[in-house]
Amino acid sequence: MTKKERALAVCEKLNEEYGTDLRCYLEYTPGKTWQLLFATIMSAQCTDERVNMVTRELYQKYPDLEAIASADLKEFERDIYSTGFYHNKAKNIIACARVLLDEYNGEVPSDIDKLTKLPGVGRKTANVIRGNAYGIESIVVDTHVKRVSKLLGLTASDDPEKVEFELMKIVPKEQWILYNFQVIAHGRKVCVARRPACEECVLKEVCKHYLTK
(Lines give C-alpha, C1' and ligand atoms only; values in the text may rest on other atoms or scores of the structure.)
Protein backbone atom coordinates (compact mmCIF):
# COMPACT_ATOMS: atom_id res chain seq x y z
CA MET A 1 0.00 0.00 0.00
CA THR A 2 1.43 3.39 -1.01
CA LYS A 3 1.28 6.37 1.33
CA LYS A 4 -1.40 7.95 -0.85
CA GLU A 5 -3.50 4.79 -0.81
CA ARG A 6 -3.07 4.55 2.95
CA ALA A 7 -4.06 8.21 3.36
CA LEU A 8 -7.22 7.68 1.32
CA ALA A 9 -8.15 4.63 3.40
CA VAL A 10 -7.47 6.55 6.62
CA CYS A 11 -9.67 9.45 5.49
CA GLU A 12 -12.55 7.13 4.61
CA LYS A 13 -12.44 5.49 8.03
CA LEU A 14 -12.11 8.83 9.83
CA ASN A 15 -15.15 10.16 7.97
CA GLU A 16 -17.15 7.11 9.01
CA GLU A 17 -16.05 7.33 12.64
CA TYR A 18 -16.11 11.08 13.27
CA GLY A 19 -18.37 12.44 10.56
CA THR A 20 -17.67 15.36 8.28
CA ASP A 21 -18.92 18.29 10.35
CA LEU A 22 -16.27 20.93 10.98
CA ARG A 23 -15.67 21.87 14.59
CA CYS A 24 -13.24 24.31 16.15
CA TYR A 25 -12.12 23.29 19.63
CA LEU A 26 -11.11 26.83 20.59
CA GLU A 27 -13.99 29.15 21.44
CA TYR A 28 -14.29 32.55 19.75
CA THR A 29 -16.95 34.94 18.55
CA PRO A 30 -17.64 34.55 14.81
CA GLY A 31 -16.46 37.67 13.05
CA LYS A 32 -13.83 38.36 15.70
CA THR A 33 -11.03 36.36 14.12
CA TRP A 34 -8.47 38.03 16.39
CA GLN A 35 -10.01 36.10 19.30
CA LEU A 36 -9.22 32.80 17.58
CA LEU A 37 -5.75 34.03 16.65
CA PHE A 38 -4.84 34.90 20.22
CA ALA A 39 -6.47 31.77 21.62
CA THR A 40 -4.34 29.71 19.23
CA ILE A 41 -1.20 31.51 20.35
CA MET A 42 -2.15 30.71 23.95
CA SER A 43 -2.81 27.06 23.10
CA ALA A 44 0.89 26.30 22.55
CA GLN A 45 1.88 23.76 25.21
CA CYS A 46 -1.57 24.15 26.75
CA THR A 47 -4.90 22.35 26.43
CA ASP A 48 -7.79 23.86 24.50
CA GLU A 49 -9.95 23.42 27.59
CA ARG A 50 -7.63 25.58 29.69
CA VAL A 51 -7.40 28.23 26.96
CA ASN A 52 -11.19 28.38 26.69
CA MET A 53 -11.45 28.88 30.45
CA VAL A 54 -9.00 31.78 30.22
CA THR A 55 -10.46 33.47 27.13
CA ARG A 56 -14.03 33.49 28.47
CA GLU A 57 -12.91 36.03 31.07
CA LEU A 58 -10.10 37.57 29.05
CA TYR A 59 -12.31 38.71 26.17
CA GLN A 60 -14.77 40.27 28.57
CA LYS A 61 -11.97 42.27 30.17
CA TYR A 62 -10.43 43.10 26.77
CA PRO A 63 -13.42 43.30 24.38
CA ASP A 64 -11.54 44.58 21.33
CA LEU A 65 -8.12 44.85 19.73
CA GLU A 66 -7.63 48.36 21.03
CA ALA A 67 -7.99 47.14 24.61
CA ILE A 68 -5.41 44.39 24.11
CA ALA A 69 -3.02 46.66 22.21
CA SER A 70 -3.02 49.11 25.13
CA ALA A 71 -2.93 46.45 27.88
CA ASP A 72 -0.33 46.58 30.61
CA LEU A 73 2.13 43.75 29.92
CA LYS A 74 2.50 42.58 33.53
CA GLU A 75 -1.25 42.62 34.08
CA PHE A 76 -1.85 40.73 30.85
CA GLU A 77 0.73 38.15 31.89
CA ARG A 78 -1.25 37.57 35.08
CA ASP A 79 -4.46 37.29 33.06
CA ILE A 80 -3.09 34.43 30.93
CA TYR A 81 -0.69 32.96 33.50
CA SER A 82 -2.39 29.54 33.64
CA THR A 83 -1.78 28.88 29.91
CA GLY A 84 1.97 28.60 30.56
CA PHE A 85 4.86 30.42 28.84
CA TYR A 86 2.88 33.53 29.66
CA HIS A 87 5.81 35.98 29.30
CA ASN A 88 6.28 35.33 25.59
CA LYS A 89 2.59 34.76 24.90
CA ALA A 90 1.56 38.05 26.50
CA LYS A 91 4.32 39.98 24.73
CA ASN A 92 3.43 38.47 21.35
CA ILE A 93 -0.33 38.92 21.70
CA ILE A 94 -0.05 42.59 22.63
CA ALA A 95 2.46 43.19 19.82
CA CYS A 96 0.26 41.28 17.40
CA ALA A 97 -2.78 43.39 18.32
CA ARG A 98 -0.80 46.53 17.58
CA VAL A 99 0.35 45.24 14.19
CA LEU A 100 -3.20 44.26 13.24
CA LEU A 101 -4.41 47.75 14.10
CA ASP A 102 -1.49 49.60 12.49
CA GLU A 103 -1.08 47.55 9.32
CA TYR A 104 -4.32 45.66 8.69
CA ASN A 105 -7.05 48.01 9.92
CA GLY A 106 -7.87 45.58 12.71
CA GLU A 107 -8.48 42.64 10.38
CA VAL A 108 -6.61 39.33 10.58
CA PRO A 109 -5.11 38.53 7.16
CA SER A 110 -5.77 35.20 5.48
CA ASP A 111 -2.52 35.11 3.49
CA ILE A 112 -0.06 32.59 4.94
CA ASP A 113 2.97 34.85 4.47
CA LYS A 114 1.29 37.83 6.14
CA LEU A 115 0.06 35.66 9.00
CA THR A 116 3.45 34.14 9.73
CA LYS A 117 5.01 37.60 9.91
CA LEU A 118 2.77 38.49 12.85
CA PRO A 119 4.41 38.27 16.31
CA GLY A 120 4.09 34.78 17.77
CA VAL A 121 2.48 33.25 14.68
CA GLY A 122 3.98 30.18 13.03
CA ARG A 123 2.57 27.94 10.33
CA LYS A 124 0.46 25.91 12.75
CA THR A 125 -1.30 29.00 14.12
CA ALA A 126 -1.62 30.50 10.64
CA ASN A 127 -3.23 27.34 9.30
CA VAL A 128 -5.69 27.21 12.20
CA ILE A 129 -6.85 30.68 11.20
CA ARG A 130 -6.96 29.90 7.49
CA GLY A 131 -8.92 26.71 7.97
CA ASN A 132 -11.31 27.70 10.73
CA ALA A 133 -11.95 31.38 10.09
CA TYR A 134 -11.60 31.54 6.32
CA GLY A 135 -12.35 28.00 5.13
CA ILE A 136 -9.05 27.81 3.24
CA GLU A 137 -7.80 24.23 2.90
CA SER A 138 -4.93 23.89 5.36
CA ILE A 139 -3.15 21.15 7.27
CA VAL A 140 -2.59 21.97 10.94
CA VAL A 141 0.25 19.96 12.45
CA ASP A 142 -0.16 19.88 16.22
CA THR A 143 1.21 17.18 18.53
CA HIS A 144 -1.70 14.83 17.81
CA VAL A 145 -1.55 15.22 14.03
CA LYS A 146 2.21 14.70 13.97
CA ARG A 147 2.19 11.69 16.29
CA VAL A 148 -0.82 9.89 14.83
CA SER A 149 0.23 10.53 11.22
CA LYS A 150 3.64 9.09 11.97
CA LEU A 151 2.17 5.97 13.59
CA LEU A 152 -0.15 5.49 10.63
CA GLY A 153 2.86 5.55 8.30
CA LEU A 154 1.88 8.73 6.47
CA THR A 155 5.11 10.48 7.44
CA ALA A 156 8.43 9.60 9.01
CA SER A 157 9.38 13.14 9.97
CA ASP A 158 9.34 14.86 13.36
CA ASP A 159 9.55 18.31 11.80
CA PRO A 160 6.04 19.89 11.79
CA GLU A 161 6.60 21.79 8.55
CA LYS A 162 7.88 18.69 6.74
CA VAL A 163 4.90 16.72 8.07
CA GLU A 164 2.55 19.43 6.82
CA PHE A 165 3.92 19.32 3.28
CA GLU A 166 4.08 15.52 3.20
CA LEU A 167 0.42 15.28 4.25
CA MET A 168 -0.55 17.88 1.67
CA LYS A 169 0.81 15.57 -1.04
CA ILE A 170 -1.18 12.50 -0.02
CA VAL A 171 -4.33 13.66 1.79
CA PRO A 172 -7.07 14.89 -0.60
CA LYS A 173 -7.25 18.68 -0.48
CA GLU A 174 -10.96 18.69 0.32
CA GLN A 175 -10.13 16.57 3.38
CA TRP A 176 -7.37 18.77 4.84
CA ILE A 177 -9.46 20.74 7.34
CA LEU A 178 -11.46 17.66 8.32
CA TYR A 179 -8.28 15.65 8.79
CA ASN A 180 -7.12 18.14 11.39
CA PHE A 181 -10.29 17.87 13.48
CA GLN A 182 -10.63 14.13 13.08
CA VAL A 183 -7.05 13.21 13.95
CA ILE A 184 -7.03 15.54 16.96
CA ALA A 185 -10.23 13.87 18.19
CA HIS A 186 -8.75 10.44 17.51
CA GLY A 187 -5.51 11.32 19.30
CA ARG A 188 -7.44 12.43 22.37
CA LYS A 189 -9.97 9.61 22.41
CA VAL A 190 -8.26 6.46 21.06
CA CYS A 191 -4.65 6.91 19.95
CA VAL A 192 -3.61 8.42 23.26
CA ALA A 193 0.12 9.04 23.51
CA ARG A 194 0.89 6.91 26.56
CA ARG A 195 -1.82 4.29 26.23
CA PRO A 196 -3.08 3.89 22.65
CA ALA A 197 -6.14 1.64 22.44
CA CYS A 198 -4.92 -0.15 19.33
CA GLU A 199 -7.36 -3.06 19.54
CA GLU A 200 -10.31 -0.65 19.63
CA CYS A 201 -8.97 1.58 16.86
CA VAL A 202 -10.95 1.83 13.61
CA LEU A 203 -7.68 2.59 11.80
CA LYS A 204 -5.78 -0.52 12.88
CA GLU A 205 -6.28 -2.28 9.54
CA VAL A 206 -4.48 0.58 7.74
CA CYS A 207 -2.09 1.62 10.53
CA LYS A 208 1.55 0.83 9.77
CA HIS A 209 2.47 0.81 13.47
CA TYR A 210 -0.24 -1.70 14.34
CA LEU A 211 0.42 -3.95 11.35
CA THR A 212 4.18 -4.13 11.94
CA LYS A 213 4.39 -4.33 15.73
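Located above this text is the structure these notes cover.
Below, the structure is looked at part by part. Predicted model, so just to flag it, every value in this text is computed and none were measured. (Residues numbered from 1 in each chain as written. Predicted model: local features only at pLDDT ≥ 70, side-chain atom pairs only at ≥ 80, totals over all residues. Heavy atoms only, no water.)

Overview of the overall build of the chain
No. 1: Scanning the chain from terminus to terminus reveals 12 helices and zero strands.
No. 2: If you list the helices and strands of the chain from N to C, you get α-α-α-α-α-α-α-α-α-α-α-α.
No. 3: Taken over C-alpha atoms, the radius of gyration comes to 18 Å for the chain, in line with the 17 Å a tight globule of 213 residues would show.
No. 4: The dimensions of the chain, computed from C-alpha atoms along their principal axes, are 55 × 30 × 30 Å.
No. 5: The buried share of the chain, reckoned over its 213 residues, is 46%.
No. 6: Across the chain, contacts joining residues at least 24 apart in sequence account for 61% of those joining residues at least 6 apart.
No. 7: Surface exposure of the chain reaches about 11200 Å², of which carbon and sulfur atoms provide 48%. (Helix = DSSP H or I, 4+ residues; strand = E, 2+ residues; numbered from the N terminus. Rg over C-alpha atoms; globule rule 2.2 N^0.38 Å. Buried < 20%, exposed > 50% of the residue type's maximum accessible area, 1.4 Å probe, protein only. Contact = heavy atoms within 4.5 Å. Areas by Shrake-Rupley, 256 points an atom, 1.4 Å probe, with all protein chains shown as cover.)

Concerning the environment of Glu107
No. 1: Its place among the elements puts Glu107 in the loop between helix H6 (86-104) and helix H7 (112-116).
No. 2: Residue classification places Glu107 among the exposed positions, given a relative accessible area of 52%.
No. 3: Sequence separation between Glu107 and Gln45 is 62 residues; the distance between their C-alpha atoms is 26 Å.

Observations regarding the nonpolar core
No. 1: Membership of the largest hydrophobic core comes to 35 residues, with the highest contact counts inside it found for Leu37, Phe38, Met42, Ile68, Phe76 and Leu100.
No. 2: Elements with a minimum of two residues in this core: helix H2 (33-42), helix H3 (48-61), helix H4 (65-69), H6, H7 and helix H8 (123-134).
No. 3: A per-element tally of this core places H2 first, with seven residues.
No. 4: Filtering out sequence-adjacent residues up to four positions away, Ile68 remains in contact with Trp34, Phe38, Tyr59, Tyr62, Phe76, Ile93, Ile94 and Ala97.
No. 5: Formed by 29 residues, the second largest nonpolar core is a distinct cluster that contains Cys11, Leu14, Leu167 and Val183. (Core = buried A, V, L, I, M, F, W, Y, C linked by side-chain atoms within 4.5 Å.)

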